[in-house]
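Below are the chains, spelled out letter by letter.
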Amino acid sequence: MNYPSEEKTMPAVTVSDITVLPRVHQPDPAVANERAVKSVTSAPSGFEGEGFPVRRAFAGVDLRDLDPFIHMDQMGEVEYAPGEPKGTPWHPHRGFETVTYMLDGIMEHQDSNGGGGVISNGDTQWMTAGSGLLHIETPPEHLVLSGGLFHGIQLWVNLPKAQKWAPPRYQDIRGGDSALLSTPDGGALIRVIAGSVDGHDGPGSTHTPITLVHATVSPGAELVLPWQPDYNALVYVLAGQGTVGAERRPIRKGQLAAFGPGDTIRTAAGTTQPQAEPNLDVLVLGGRPIREPVAMAGPFVMNTRAEVIQAFEDFQAGKLGSIPAVHGAPTELRSTD
């Protein structure tokens, strides 16, 4: 496998004329409470599933700053040779939602609740595991045979105690359904995948109130977004380099910024960018913190250690679905208050 080096734009969803899009109103600096940057962390690299490379975006970040999010992987960006594309085997989940956002390449999903679909550039699969199910994510057979570019994001969104036993649900969100916005000067393309930005709603629906945005910021341009004061706020760099916050703290590809309280988020693209990445591409995400105990191990995110053990037992007893699963579940349990 090779990592792409030639200059290209982030695929997802683009527009031919950004000036026709609705503009995000810029907060009045006299009254806006701009969020300060609490931390900038670098995502370590690893491997997931059958061996595809990932960056662990949330590694080393306090769960209290992430809440209601649990985990996020940047999958790729990698150019597979013929026969190399990999996915994940059948495995269980309970107690949260998985969001798979595809930037480049193709991914197929199937689950034991009857959900399934195929996503490509800019599409999203949103699976509510809730009370539990089995699922599998793999590249289609023709992509395995041909190889090709693969780049995506998987995000885990926690569910509050009252919703952890909700019936499983699957949402197939086309990239063209995202709300498309721009900054007043046309320097940034904003794709609202879930939640709301400045009164513009994305198509994703979640039990836990969140906002998820993918923005492409041109060199030298700024992205200033009004943000729910009761949500947390995170910015993850998919490509390029720039700064975050009024203090203009440097940030680059593979780094995550966690913000403090306030109602405005600021991100700026550097005037120069890496040759292979002509723009700053960021995920901006936040949600209303659940503030409940978290006990998690492997594919289960619950409130107590006993609930996680029960999830493993239910999986082994075949109670999470009828599709045979091959899953080497880790035995270590991690609990935080």
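Only a predicted model underlies this, so the values are computations on that prediction, with no experimental measurement involved.

(A) Structural detail: the confidence of the model for the protein. Averaged over the protein, the pLDDT score is 87; the fraction of residues at 70 or greater is 90%. Across residues 1–8 the pLDDT falls below 50, and counting only partners more than four positions away or on other chains, this stretch makes 24 contacts in the model.

(B) Fine view of the sheet that holds strand 10 (residues 133–138). As summarised here, the arrangement of the 4 strands in space is 5-10-7-8, forming an open sheet in which the pairing is antiparallel. What marks the edges here is a single partner per strand, and that holds for strand 5 (88–93) and strand 8 (116–119). Between one strand axis and the next, the sheet turns through 20 degrees on average, direction left out of account. As defined by bridge partners, strand 5 adjoins strand 10 across 4 bridges and the pair is classed as antiparallel. Bridge pairing in strand 10 places T88 opposite E137.

(C) Structural context of the side chain of N232. With respect to the helices, strands and loops of the structure, N232 is situated in the loop between strand 18 (222–226) and strand 19 (234–239). Residue N232 is classed as buried on the basis of its relative accessible area of 8%. Within the structure, the side chain of N232 is placed 3.0 Å from the backbone oxygen of L66, a separation counted as a polar contact. Contacts of N232, omitting those with residues within four sequence positions, involve R35, D65, L66, D67, P68, F69, W227, L285, G286, G287 and P289.

The rules we used
Residues numbered from 1 in each chain as written. Predicted model: local features only at pLDDT ≥ 70, side-chain atom pairs only at ≥ 80, totals over all residues. Heavy atoms only, no water. pLDDT = per-residue confidence, 0-100. Contact = heavy atoms within 4.5 Å. Pairing = 2+ DSSP bridges. Helix = DSSP H or I, 4+ residues; strand = E, 2+ residues; numbered from the N terminus. Axes fitted to C-alpha atoms, helices over the stretch in contact; angles between N-to-C directions. Buried < 20%, exposed > 50% of the residue type's maximum accessible area, 1.4 Å probe, protein only. Polar contact = N/O pair within 3.5 Å; in protein donor to acceptor, adjacent residues only side chain to side chain.

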